[in-house]
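# What the coordinates show
As a plain string of letters, each chain reads:
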Amino acid sequence: MDTAYLNAFYEGYDEEQRFARRSSRVEFLTTLRYIDRYLRPGMRILEVGAGTGRYSRHYAAQGYSVDAVELVEHNIAVLQEHRTPEMDLCVRQGNACDLSAYADNRFDRTLLLGPLYHLFSPEDKRRAVAEALRVTKPGGLLYAAFIMNDATILSWGLRQGHLAEGLKNGLITKDFHCASVPEMVFEMSTLEEIESLMAEFPLKTRHLVASNGMSCHFADCLDGADDALFDAWLAYHFHTCERRELLGYSSHLLFVGEKDGKTV
């Protein structure tokens, strides 16, 4: 895995502010909703690819024991700046494809909410999922996030005006798939690709969730909305975010799967 592009991107990007806008916060609130649904006191959480630790810090602040693994040194520095002494939060620099620092079947909930954005080869993707699953207890839950191809065609291609250029220079293929190249930093997936990847593992699919649904395409409306309008939109989003016909148009998709074994 080539990390040069990844390091350069995050050193110049304010990851800590990614959920600052209301339109972006929909993803954060949706992911919390699906984690909280199954979380119980005393459970151990691992976040792989923790970024600046928005999820890790959130749950550590609630009293959970959390381990956070992050590859990029800049993100780790920001995470450490924002943690508080009372948090039971262990931070480790590491690679999603190698979690050998952790024993098998250790965590009740494993969050893989960033690495699959940045892994471009099928082998690396399989390795990251396999490692996350290995350290999850039987019956435990794996949360894996993906960036969706068709939402990118709409936002980057149409709204930002790059569609014709992308087709011409090969960044978008003739069958309208965003090219899988490390210099683009982000890997785009289709629903079929996600389901094919996760079907290789001993996982029962609990949920496929459009993490931000159509919010990414109506950011101007949501960012300027008053509380009543935003709350109404959020209620609509939560009501529809598992509709299969909407999954591909969300910029982010959340897969929730249960590892074979006794249910936690």
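In what follows, the accompanying structure is described. Since this is a predicted model, take the numbers as computed values, not measurements.

## Observations concerning the environment of Glu-73
- You can see Glu-73 is positioned in helix H4 (residues 73-82).
- For Glu-73, a relative accessible area of 58% translates into the label exposed.
- Sequence separation of Glu-73 and Tyr-10 is 63 residues, and the distance between their C-alpha atoms is 9.3 Å.

## Focus: the nonpolar core
- Judged by nonpolar contacts, the single largest core of 36 residues is most densely connected at Tyr-59, Leu-89 and Tyr-143.
- Elements with a contribution of two residues or more to this core: helix H2 (22-36), helix H3 (54-61), strand E2 (65-70), H4, strand E3 (89-93), strand E5 (136-148) and strand E8 (252-259).
- Once you skip the residues sitting within four places of it in the chain, Tyr-143 turns out to touch Tyr-34, Ile-35, Tyr-38, Arg-109, Thr-110, Leu-111, Leu-112, Leu-113, Leu-254, Phe-255 and Val-256.
- Leu-46, Leu-133, Ala-144 and Ala-210 belong to the second-largest nonpolar core, a separate cluster that totals 32 residues.

## Topic: the packing of aromatic side chains
- Inspection of the entire model under this criterion finds 8 aromatic pairs.
- With a centroid separation of 5.5 Å and an interplanar angle of 70°, the aromatic rings of Tyr-102 and Phe-107 are classed as edge-to-face.
- Relative accessible area serves as the criterion here: at 3%, Tyr-102 is assigned to the buried category.
- On the accessibility criterion, Phe-107 (0% relative accessible area) is buried.
- An aromatic cluster of at least three residues, connected via ring pairs, comprises Phe-9, Tyr-10, Tyr-13 and Phe-186.
- Over the aromatic face of Phe-238 sits the side chain of Arg-33, whose NZ or CZ is 4.1 Å from the ring centroid.
- The residue whose ring lies beneath Arg-92 is Tyr-102, and the NZ or CZ to ring-centre distance is 5.0 Å.

About the cut-offs
- Residues numbered from 1 in each chain as written.
- Predicted model: local features only at pLDDT ≥ 70, side-chain atom pairs only at ≥ 80, totals over all residues.
- Heavy atoms only, no water.
- Helix = DSSP H or I, 4+ residues; strand = E, 2+ residues; numbered from the N terminus.
- Buried < 20%, exposed > 50% of the residue type's maximum accessible area, 1.4 Å probe, protein only.
- Core = buried A, V, L, I, M, F, W, Y, C linked by side-chain atoms within 4.5 Å.
- Contact = heavy atoms within 4.5 Å.
- Phe/Tyr/Trp six-rings, centres within 6.5 Å; stacked < 30°, edge-to-face > 60°.
- Lys NZ or Arg CZ within 6 Å of the ring centre and 35° of its normal.

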